[in-house]
Amino acid sequence: PAPVPDIARMPMYSTWYNFHQNLDVAEVIKECKIGKEMGLEAVIVDDGWQTMDNKRGYAYTGDWIPERMGNMKAFVDSLHAFDMKILLWYSLPFIGEKANLFDQFKGKYLHHWKSQGTWVLDPRYPEVREHIINTYERALIDWDLDGFKLDFLGWFYADEKTDLTARNGRDFASVNEATDRLMTDIMSRLRAIRPNIMIEFRQPYIGPLMRKYGNMFRAADCPNMEIVNRVRTTDLRLASGNTAVHSDMFMWHKDDTVESAALQILNILFTVPQLSVKLDSIPEDHFQMVKFWINYWKENRSILLDGNFIPKNPGALYPVLRSSKTNKEIISVYDDQSLKIYNTDLKEIDIINAKGSTEVVLDFGFSLGKTNILIYDCLGVLQDEENINIQKGVVKIAVPPSGLIKLKKN
């Protein structure tokens with residue numbers, strides 16, 4: 001598996017859901033500055049930077065000239081000036097039918113994606129592989145990038161029309177083997193330039209072998225669908241080892257209640273958060289909510305990402321997620337049920353009420369003893385504090401929707 005730099009395990013901002021292909025340099029920089037204040041450490045600049053076309057297709061993709069962004073190096077430098085890292089999106093296999101390079105690779109395409117106006121390069125040609133690798137090497141060196149989001153890798157496949165022979169300029173018969181060669185060489189050559197390079201892939205082109213080529217795996221697109229995001233990120237956690245697992249970019253409508261908006265981040269706390277909303281236009285309480293939970297995530301990152309992770313009941317869409325390390329456990333509950341507390345070594349327990357009801361039921365299998373209880377709402381505002389003697393059995397605690405309970409043994 002590819003090594004995972006620490007920055008790949010930090011919260012990030014994405015331009016996709018809030019800008020789509022209509023990127024604006026000044027707006028992106030402004031959003032990133034706000035994101036940095038929130039605790040976001042990198043930005044993924046998604047599709048749209050490479051063309052003025054904004055029809056959501058890929059007909060003009062493949063030349064990789066930053067038409068919309070202008071001076072890419074200056075843009076990257078402006079982000080680095082306030083310590084924001086940048087990953088740039090590329091659709092790895094595509095050259096659009098209207099791209100300047102299209103004619104150069106005629107006869108070296110696998111498929112045509114008609115509805116999107118693009119063709120898929122055939123990696124069995126060494127000159128195709130070299131072109132793709134050179135594209136990323138030049139971008140990395142010329143623009144001082146920190147990583148890449150390499151998209152649509154799953155389009156490298158053979159179909160019934162593919163000539164599965166190593167001839168006519170092809171040095172591989174198998175598309176799969178050629179793709180492995182391509183991706184192996186990409187990682188080797190990019191890491192020779194920047195050892196801590198970040199490479200993101202997203203579902204569904206993810207599996208154990210893909211850990212060799214990338215160090216960030218992101219859940220497939222599920223905007224404003226917090227439950228789907230929880231399930232996809234949890235599935236990825238179970239299959240990805242120490243590869244950094246990222247949420248799909250969580251987002252919400254600015255007219256949502258702050259408690260409802262908070263559910264978007266509370267459902268993905270056990271993976272690396274990515275956020276994609278227009279930060280300069282969300283309400284102040286939404287801003288405070290996100291800042292509180294991002295800071296909470298950072299303070300507890302080692303438990304959330306590296307602890308003993310237990311996702312409960314996959315058949316019921318993981319209604320409880322919990323992770324513990326040393327003498328602290330973090331539990332997030334997504335429906336009304338009693339939570340069994342059974343680890344006698346615990347000194348601290350955080351319970352996240354990731355639901356709309358206002359009670360959490362804890363079933364202690366042992367006596368915790370004298371305990372300090374802090375209750376926070378979803379903005380991180382302290383609502384209540386008391387000391388109680390917790391004995392073996394059931395304890396009911398009132399907590400605001402999307403709020404937090406912190407138990408600390410005295």
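Right above here is the structure, for reference.
Colleague: How should the overall build of the protein be read in this particular structure?
Modeller: Check the secondary structure of the protein and you find nine helices and 21 strands. Relative to its length of 410 residues, the protein is compact, with a C-alpha radius of gyration of 23 Å against a globular reference of 22 Å. If one aligns the C-alpha atoms of the protein with their principal axes, the spans along those axes are about 80 × 45 × 35 Å. In the protein, which comprises 410 residues, the share counted as buried stands at 57%. Put simply, 67% of the contacts in the protein that link residues at least 6 apart link residues at least 24 apart. Working note: accessible area of the protein is about 16,400 Å², and carbon and sulfur atoms make up 49% of it. Both charge centroids of the protein, one from 49 positive and one from 55 negative side chains, sit 4 Å from each other.

Colleague: Got a minute to help me understand the sheet that holds strand E4 (residues 94–96) in this structure?
Modeller: Think of a sheet as strands paired side by side through backbone hydrogen bonds, with each pair either parallel or antiparallel. One open sheet holds the three strands; their spatial order is E4-E6-E5, and the pairing between them is antiparallel. Taken across any chain shown, the strands that pair with only one partner, and hence form the sheet edges, are E4 and strand E5 (109–113). In this sheet, adjacent strand axes meet at a mean angle of 30° when their direction is disregarded. Two elements, E5 and strand E6 (residues 118–121), share four bridges in a ladder whose sense is antiparallel. Bridge pairing in E6 places His112 opposite Trp119.

Colleague: What is the right way to look at the nonpolar core in this model?
Modeller: Considering soluble globular proteins, one finds that nonpolar side chains tend to be buried as a cluster. Among the nonpolar cores identified, the biggest contains 107 residues, and Trp49, Phe148 and Trp293 are the most heavily contacted of them. If one sorts the elements of this core by residue count, helix H8 (residues 284–299) sits on top with eight residues. If sequence neighbours within four positions are ignored, Trp293 has contacts with Ile265, Leu266, Leu269, Ile352, Cys378, Ser402, Gly403 and Leu404. In this structure, Val320, Ile351, Phe364 and Ile405 belong to the second largest nonpolar core, which totals 21 residues.

Colleague: Would you take a moment to explain a negative patch on the surface for this structure?
Modeller: A cluster of acidic side chains, namely Glu37, Glu259, Glu284 and Asp285, defines a negative patch on the protein surface. In this structure, Glu37 sits in helix H2 (residues 25–38).

Colleague: Would you mind showing me how to read the sheet that holds strand E8 (residues 198–202) here?
Modeller: Spatially, eight strands are ordered E10-E9-E8-E7-E3-E2-E1-E11 in an open sheet, and the strand pairing comes out parallel. This sheet does not close on itself; its edge strands, each paired only once, are strand E10 (244–246) and strand E11 (274–275). Here three bridges tie E8 to strand E9 (residues 216–218), and the two strands are oriented parallel to one another. Each bridged residue has a counterpart across the sheet, and for Arg202 the counterpart in E9 is Arg218. The strands touched by helix H4 (residues 126–143) within the sheet are strand E3 (85–91) and strand E7 (147–151), with E3 carrying the most contacts at an inclination of about 155°.

Colleague: What exactly am I supposed to notice about the pattern of salt bridges here?
Modeller: Side chains that carry opposite charge are capable of pairing whenever their charged atoms lie near each other. Counted by the stated rule, this structure contains 31 salt bridges. Between Asp122 and Arg124 there is a salt bridge; the shortest N-O distance is 2.9 Å. Residue class for Asp122 comes out buried when judged on its relative accessible area of 3%. Between Asp163 and Arg170 there is a salt bridge, and its shortest N-O distance comes to 3.0 Å. Exposure remark for Asp163: the relative accessible area of 30% places this residue in the partly exposed category. A residue is classified by how much of its surface remains accessible, and Arg170, at 9% relative accessible area, is buried.

Colleague: Whenever I open this one, the packing of H2 against helix H3 (residues 72–80) confuses me. Can you help?
Modeller: Two measures define how a pair of helices packs: the angle their axes make with one another and the distance between the axes. It is the contact of H2 with H3, at a shortest axis distance of 10 Å, that shows an interaxial angle of 15°. Taken together, the axes of H2 and H3 are roughly parallel relative to one another. In the crossing of H2 with H3, the sense of the turn from one axis to the other is right-handed. Contact residues: H2 offers Val25, Val28, Ile29 and Cys32, while H3 offers Phe75, Ser78 and Leu79. Of the residues assigned to the contact of H2 with H3, the class counts are six nonpolar, one polar and no charged.

Colleague: Explain the packing of aromatic side chains here, please?
Modeller: The final tally for this structure, using the stated rule, is 29 aromatic pairs. Between Phe94 and Phe152 the ring centres are 5.0 Å apart and the planes differ by 35°, which places this aromatic pair in the tilted class. Here Phe152 lies in the loop between E7 and helix H5 (175–193) and Phe94 lies in strand E4, a separation of 58 residues in the sequence. Just as Phe94 is buried, Phe152 falls in that class too. Ring centres of Tyr109 and Trp119 lie 5.7 Å apart, and the angle between their planes is 45°; on these two criteria the pair is classed as tilted. On the criterion of sequence distance, the pair formed by Tyr109 in strand E5 and Trp119 in strand E6 is long-range, its members being ten residues apart. Residue class for Tyr109 comes out buried when judged on its relative accessible area of 14%. Overall, the relative accessible area of 27% leaves Trp119 in the partly exposed class. We note Arg230 situated over the ring of Tyr334; from NZ or CZ to the ring centre the distance is 4.2 Å. When the ring centre of Phe19 is taken as reference, the NZ or CZ atom of Lys278 above it lies at 4.6 Å.

Colleague: I tried to follow H8 on my own but got confused; where do I start?
Modeller: Turn by turn, an α-helix covers 3.6 residues, leaving residues three or four places apart pointing in a common direction. A rise of 1.5 Å per residue sets the reference length of H8, with its 16 residues, at 22 Å; its end C-alpha atoms lie 23 Å apart and thus fit the reference within 8%. Listing the buried residues of H8 in full gives His286, Phe287, Met289, Val290, Phe292, Trp293, Ile294, Tyr296 and Trp297.

Parameters at a glance
- Just so you know, the residues in each chain are numbered from 1, in the order the chain's sequence is written.
- Owing to the predicted nature of the model, reporting of local features is limited to residues with pLDDT of at least 70; listing and counting of side-chain atom pairs is limited to 80 or more, with chain, interface and lining totals taken over all residues.
- Side-chain metrics in this entry use all non-hydrogen atoms of the structure; hydrogen atoms and water are not considered.
- By definition, any uninterrupted DSSP run of H or I lasting at least four residues is a helix, any uninterrupted run of E lasting at least two residues is a strand, and each is numbered from the N terminus.
- Here the globule rule is a power law, 2.2 Å times the number of residues to the power 0.38, and the radius of gyration is based on C-alpha atoms.
- Burial classes: relative accessible area under 20% of the type maximum marks a residue as buried, over 50% as exposed, and values in between as partly exposed (1.4 Å probe, protein chains only).
- Here, two residues are considered to be in contact whenever any of their heavy atoms come within 4.5 Å of each other.
- Residue exposure ignores everything except the shown protein chains as possible cover, and the areas themselves are Shrake-Rupley values with a 1.4 Å probe.
- We count Lys and Arg on the positive side and Asp and Glu on the negative side, and we leave His and both chain ends out.
- A single reference atom marks each charge: NZ on Lys, CZ on Arg, CG on Asp, CD on Glu.
- Strands qualify as paired when DSSP identifies two bridges or more between them.
- For every element, the axis is a line fit to its C-alpha atoms; helices are fit only across the contacting stretch, and the angle between N-to-C directions ranges from 0 to 180 degrees.
- Take the buried residues of types Ala, Val, Leu, Ile, Met, Phe, Trp, Tyr and Cys, join any two whose side-chain atoms come within 4.5 Å, and each joined set is a nonpolar core.
- Exposure above 30% relative accessible area and no salt bridge define the residues that can form patches, which grow by joining like charges within 9 Å and nonpolar side chains of Val, Leu, Ile, Met, Phe, Trp and Tyr within 5 Å.
- Basic side-chain nitrogens of Lys or Arg form a salt bridge, by our definition, when they fall within 4 Å of a carboxyl oxygen of Asp or Glu.
- Each angle gets one of four labels, with under 35 degrees taken as roughly parallel, over 145 as roughly antiparallel, 65 to 115 as roughly perpendicular, and the rest as oblique.
- The sense of a crossing depends on the near helix, which, turned anticlockwise from the far helix by less than a right angle, makes the crossing left-handed and, turned clockwise, makes it right-handed.
- Each residue is assigned to one class: nonpolar for Ala, Val, Leu, Ile, Met, Phe, Trp, Tyr, Cys and Pro, charged for Asp, Glu, Lys and Arg, and polar for all the others, Gly among them.
- Aromatic contacts are taken between Phe, Tyr and Trp rings whose centres are within 6.5 Å, Trp giving its six-membered ring; a plane angle under 30 degrees counts as stacked, one over 60 as edge-to-face, and the others as tilted.
- Charges are assigned to positions over rings by a cutoff of 6 Å between ring centre and Lys NZ or Arg CZ, combined with an angular limit of 35 degrees from the ring normal.
- The span expected for a helix works out to 1.5 Å for each residue beyond the first.

Nothing here speaks to function; it is geometry throughout.
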